[in-house]
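Examining the three-dimensional arrangement
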Amino acid sequence: MPEAPHPDILSQLETLEIDPSRPLIISDADEVLLQFMARLEYYLETKGLWIDLNNFAISGNIKSRETNEPVEVPNMIDDFFATQTLHIDAAPGAVEAINSLSEVAQVIVLTNLPASEKQNRITNLAGHGISFPLVIGSGLKGPAVAWLAAQMQAPVFFLDDIPHNINSVAEHAPVVHRIHFIADPRLARLIGPADGASKRIDVWEEAHAWITQTIDTHAGR
């Protein structure tokens, strides 16, 4: 039996109005629609810290600007989101591409984020001109995407920067087209395509073209 989404996520999914006959794009926010790492670097700078981008991880790579030694920062991510969620810039090309795609597909933003910051994320995205239903949660995204895909007859697309989420969707909803997308070029260079990815794309113009072509092919155009 398929794994059900967490009740906190399911309660949000059940409020969505979904047209089964219209393609669906499910997009992550951080490092897909938004420049998470660039804002994290700003935040760390205010704390006298920096992040060593030699591998695709945050833990263990935060260092003191004074000593250059690794430091542990308790509750850093929660504090980052509490103070910075309203101020994260859009990823290059994201606004134009996702709004153009919304003319041929439904769009849902599925993002891992503290529940307290949901409204701030909605406000931040809307400030960039990205206004679509937003579902927040934590953990792997496969069950939530599978729940959405089960409602659909038209093609479904999923974009995320984290390999574990791509692979989770591949496991739970293999029918979904899975784009492994990392907006920050420095991070993109550190890691190859997720094993479960249908496609690795890191530029929104290319993602737009691939999704549009896939929709057209499915429709026989």
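Up top you'll find the structure we're talking about.
Residues numbered from 1 in each chain as written. Predicted model: local features only at pLDDT ≥ 70, side-chain atom pairs only at ≥ 80, totals over all residues. Heavy atoms only, no water.

Within the protein chain, the regular secondary structure consists of 9 helices and 8 strands. In terms of its C-alpha atoms, the protein chain occupies a principal-axis envelope of roughly 60 × 35 × 35 Å. Taking all 221 residues of the protein chain together, the buried fraction comes to 48%. Once local pairs closer than 6 in sequence are excluded, the contacts in the protein chain between residues at least 24 apart make up 68%. Roughly 10,600 Å² of accessible area belongs to the protein chain as shown, and the carbon and sulfur atoms make up 52% of that amount. If you average the places of the 14 positive and of the 29 negative side-chain charges in the protein chain, the two averages end up 3 Å apart. (Helix = DSSP H or I, 4+ residues; strand = E, 2+ residues; numbered from the N terminus. Buried < 20%, exposed > 50% of the residue type's maximum accessible area, 1.4 Å probe, protein only. Contact = heavy atoms within 4.5 Å. Areas by Shrake-Rupley, 256 points an atom, 1.4 Å probe, with all protein chains shown as cover. Lys, Arg positive; Asp, Glu negative; His and termini not counted. Charge placed at Lys NZ, Arg CZ, Asp CG, Glu CD.)

Once that is clear, we can look at helix α3 (residues 76–84). Those residues of α3 lying buried are Met76, Phe80, Phe81 and Gln84. Mapping the buried residues of α3 onto a view down its axis gives an arc of 130°, with all of them on the same face. For α3, the secondary structure elements touched by its buried residues are α2 (36–46), β3 (62–64) and α5 (118–127). (Arc of directions from axis to C-beta.)

Here we take up the sheet that holds strand β6 (residues 156–160). The parallel open sheet is built from 6 strands, whose spatial order is β5-β4-β1-β6-β7-β8. Whereas interior strands pair on both sides, the edge strands pair on one side only; in this sheet they are β5 (134–137) and β8 (199–200). As paired elements, strand β1 (residues 24–27) and β6 share 4 bridges and run parallel to each other. Paired with Ser27 across the two strands is Leu159, which belongs to β6. Contacts from α5 reach β4 (106–112) and β5 within the one sheet, and its direction differs from that of β5 by about 140°. (Pairing = 2+ DSSP bridges. Axes fitted to C-alpha atoms, helices over the stretch in contact; angles between N-to-C directions.)

A few words on the packing of helix α4 (residues 94–101) against helix α9 (residues 204–219). Direction vectors running N to C along α4 and α9 enclose 15°, while the axes themselves pass 9 Å from each other. Comparing their axes, α9 and α4 come out roughly parallel. Relative to α9, the crossing made by α4 is right-handed. Contacts from Ala94, Ala97, Ile98, Ser100 and Leu101 of α4 reach α9 at Trp204, His208, Ile211 and Thr212. The residue makeup of the contact of α4 with α9, split by class, is 6 nonpolar, 3 polar and no charged. (Parallel < 35°, antiparallel > 145°, perpendicular 65-115°, else oblique. Left-handed = near helix turned anticlockwise from the far one by under 90°. Nonpolar A, V, L, I, M, F, W, Y, C, P; charged D, E, K, R; others polar.)

Before going further, it helps to examine helix α6 (residues 142–150). In an α-helix, one full turn covers 3.6 residues, which means residues spaced three or four apart are oriented alike. Here α6 lies mainly inside the structure; 7 of its 9 residues are buried. For α6, the set of buried residues is Gly142, Pro143, Ala144, Val145, Ala146, Leu148 and Ala149. Considering only its buried residues, α6 is in contact with α1 (7–13), β1, β4, β6 and α7 (163–172).

Residue placement: Phe132 occurs in the loop between α5 and β5. Once the C-alpha coordinates of Phe132 and Gln106 are considered, the two residues, 26 residues apart in sequence, prove to be 8.7 Å apart. If sequence neighbours within four positions are ignored, Phe132 has contacts with Ile98, Asn99, Ser102 and Val107.

With that settled, the discussion passes to unusual backbone geometry. Phi angles above zero are rare outside glycine, and Glu31 is one such case at about 65°. For Glu31, the position within the fold is in the loop between β1 and α2. Despite not being glycine, Asn68 shows a phi value in the positive range, around 65°. Position of Asn68 relative to the elements: it lies in the loop between β3 and α3.

Another point: the nonpolar core. Counting 47 residues, the largest nonpolar core has Ile25, Leu33, Leu40, Leu159, Trp204 and Ile211 as its most contacted members. Leaving out residues up to four positions away in the same chain, Trp204 has contacts with Ser27, Val32, Leu33, Pro92, Gly93, Ala94, Ala97, Ile98, Leu101, Leu159 and Phe181. Core analysis: the next-biggest nonpolar cluster, separate from the first, contains 22 residues, Leu13, Leu110, Phe158 and Val176 among them. (Core = buried A, V, L, I, M, F, W, Y, C linked by side-chain atoms within 4.5 Å.)

As for its position among the elements, Ser64 is in strand β3. According to the relative accessible area criterion, Ser64 is buried, its value standing at 12%. In terms of polar contacts, Ser64 uses its side chain to reach the backbone amide nitrogen of Glu66, at 3.1 Å. Not counting chain neighbours up to four residues away, the residues in contact with Ser64 comprise Gly48, Leu49, Trp50, Glu69 and Val71. (Polar contact = N/O pair within 3.5 Å; in protein donor to acceptor, adjacent residues only side chain to side chain.)

Function cannot be inferred from these measures alone, as they are strictly geometric.
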